[in-house]
Amino acid sequence: MSSTFEQIANIIAETCDIPRDTITPESHAIDDLGIDSLDFLDIAFAIDKAFGIKLPLEKWTQEVNDGKATTEQYFVLKNLAARIDELVAAKGAGA
Amino acid sequence: MHLEYFHLIDRIIDLNIGAKTITVEAQVPEKNTIFEGHFPGYPLMPGVLLIEAMAQTSGWLLIALTRFERMAFLGAVKEAKMRGFVVPGELLTVDASIIHEGSGFAITSAKVRVGGQLRCSATITFPQVPFPNPDLRGHMLTMAKRIGFPQELMAHD
């Protein structure tokens, strides 16, 4: 599994006090792990710092609210890891 | 400081948009019913109100950085430390700076000093959302003028 997933799983385990071995690539941060929006801000902060990016949470939330995306696209951890990889790549390309 | 209205901040001393820092002053009143209960014979400014003062200071900084486009609401308080008592009549100097600006949220570091001596500190998280209605935004603009928010940083409708 990608190192990005490992990193975010470790961040979630540490930030939300969730046993690391219960966090899988298929886990949905909200539905499976029970992470609420405020706890997710702590995770976003840690991810922003670790990867040098800014997770576009507002844009994602808007897309979900508008029916243009599902929460699974952003909050299932393997998908979150893929989005992070995209953001890191975009940042590298723009540097 | 108008405790009855939860207005903790009296005046902005410095607001630096480039450095993303703010310094304000807040005069703790000599007399208030709060001190009759907290505590009888030994009046102390409640720690929760000192946290609120740090939150309001941070809030003004965040409102300035978003040019009155977004309201910052208190989300989480971490590492809140009450390092020394604050008593009636003391003048608080409160500083806040940005630790992180995320998407739709920000984290600040805030400190309360009295006469240069650190009395409390905290790390505070704020969800930031568009003002929920024009009334609140108008109220904040009025308050901003009252506490000396720099005119050049005021939003103009």
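Each remark here, short or long, concerns the structure printed above.
Right, let's walk through the structure included here.

Scoring rules and cut-offs
- Residues numbered from 1 in each chain as written.
- Chains lettered and ligands numbered in written order.
- Predicted model: local features only at pLDDT ≥ 70, side-chain atom pairs only at ≥ 80, totals over all residues.
- Heavy atoms only, no water.
- Helix = DSSP H or I, 4+ residues; strand = E, 2+ residues; numbered from the N terminus.
- Rg over C-alpha atoms; globule rule 2.2 N^0.38 Å.
- Buried < 20%, exposed > 50% of the residue type's maximum accessible area, 1.4 Å probe, protein only.
- Areas by Shrake-Rupley, 256 points an atom, 1.4 Å probe, with all protein chains shown as cover.
- Contact = heavy atoms within 4.5 Å.
- Buried area = accessible area lost by both parts, 1.4 Å probe.
- Salt bridge = Lys/Arg side-chain N within 4 Å of Asp/Glu carboxyl O.
- Polar contact = N/O pair within 3.5 Å; in protein donor to acceptor, adjacent residues only side chain to side chain.
- Core = buried A, V, L, I, M, F, W, Y, C linked by side-chain atoms within 4.5 Å.

## Topic: the overall build of chain B
Okay, step 1: Counting its regular elements, chain B contains three helices and seven strands.
Okay, step 2: Order of helices (α) and strands (β) in chain B, N terminus to C terminus: β-β-α-α-β-β-β-β-β-α.
Okay, step 3: For 157 residues, the compact-globule estimate of 2.2 N^0.38 gives 15 Å, and the C-alpha radius of gyration of chain B, at 15 Å, lies within 12% of that figure.
Okay, step 4: Its C-alpha atoms give chain B principal-axis dimensions of about 50 × 30 × 25 Å.
Okay, step 5: Residues counted as buried form 51% of the 157 residues belonging to chain B.
Okay, step 6: With the model as given, the accessible surface of chain B reaches about 7600 Å², and the carbon-plus-sulfur share is 54%.

## Thoughts on the interface of chain A and chain B
Okay, step 1: Listed by partner, the interface residues are eleven residues for chain A and 15 residues for chain B.
Okay, step 2: Taken together, both faces of the contact between chain A and chain B bury some 990 Å²; the carbon and sulfur share is 62%.
Okay, step 3: Among the residues of chain A in contact with chain B, A:Leu41, A:Phe45 and A:Glu58 are the three that bury the most area, contributing 50% of the side total.
Okay, step 4: The interface formed by chain A and chain B contains two salt bridges.
Okay, step 5: Of the charged contacts in the structure, one is a salt bridge between B:Lys78 and A:Asp42, with a shortest N-O distance of 2.6 Å.
Okay, step 6: Our count for the chain A to chain B interface comes out at six residue pairs in polar contact (both at pLDDT 80 or more).
Okay, step 7: Elements supplying a minimum of two residues to the side of chain A that touches chain B: α2 (37-51) and α3 (57-65) of chain A.

## A short note on the environment of B:Thr93
Residue and element names in this part refer to chain B.
Okay, step 1: Of note, threonine 93 is situated in strand β5 (residues 91-101).
Okay, step 2: Taking relative accessible area as the criterion, threonine 93 reaches 26% and is therefore assigned partly exposed.
Okay, step 3: Separated by 26 residues in sequence, threonine 93 and arginine 119 place their C-alpha atoms 9.9 Å apart.

## Let's talk about the nonpolar core
In summary, soluble globular proteins display a tendency toward joint burial of nonpolar side chains.
Okay, step 1: Ranked by size, the top nonpolar core spans 48 residues in total, and within it B:Met45, B:Met54, B:Trp60, B:Phe68, B:Leu92 and B:Phe149 carry the most contacts.
Okay, step 2: For this core, the elements supplying multiple residues, two or more each, are β1 (11-16), β2 (21-27), α2 (47-65), β3 (70-72), β5, β6 (105-114), β7 (117-130) and α3 (134-146) of chain B.
Okay, step 3: Residue contributions to this core peak at eleven residues, all from α2(B).
Okay, step 4: Excluding residues that lie within four positions of it along the chain, B:Leu92 makes contacts with B:Met1, B:Val24, B:Glu25, B:Ala26, B:Val28, B:Leu50, B:Val86, B:Val112, B:Arg113 and B:Val114.
Okay, step 5: In terms of nonpolar packing, the next biggest core, distinct from the first, is built from 33 residues, A:Ile12, A:Ile43, A:Ala46 and A:Trp60 among them.

## Re the side chain of B:Asn32
All names here are of chain B.
Okay, step 1: On the secondary structure map, asparagine 32 appears in the loop between β2 and α1 (33-37).
Okay, step 2: Separated by 3.2 Å, the side chains of asparagine 32 and glutamate 4 make a polar contact.
Okay, step 3: Of the polar contacts made by the side chain of asparagine 32, one reaches the backbone nitrogen of isoleucine 34; its length is 2.9 Å.
Okay, step 4: Beyond its immediate stretch of four places on either side in the chain, asparagine 32 contacts Leu3 and Glu4.

## A look at the environment of B:Pro132
Okay, step 1: Relative to the elements of secondary structure, B:Pro132 occurs in the loop between β7 and α3.
Okay, step 2: A C-alpha to C-alpha distance of 8.9 Å links B:Pro132 and B:Arg70, two positions 62 residues apart in sequence.

## So, the pattern of salt bridges
All names here are of chain B.
Okay, step 1: For the coordinates displayed, the defined rule picks out eleven salt bridges over all chains.
Okay, step 2: Salt-bridge contacts for arginine 119 lead to glutamate 90; the nearest nitrogen and oxygen are separated by 3.0 Å. With a gap of 29 residues between them, arginine 119 in strand β7 and glutamate 90 in the loop between β4 (76-82) and β5 connect regions that are remote in the sequence.
Okay, step 3: You can call arginine 119 buried: its relative accessible area is 10%.

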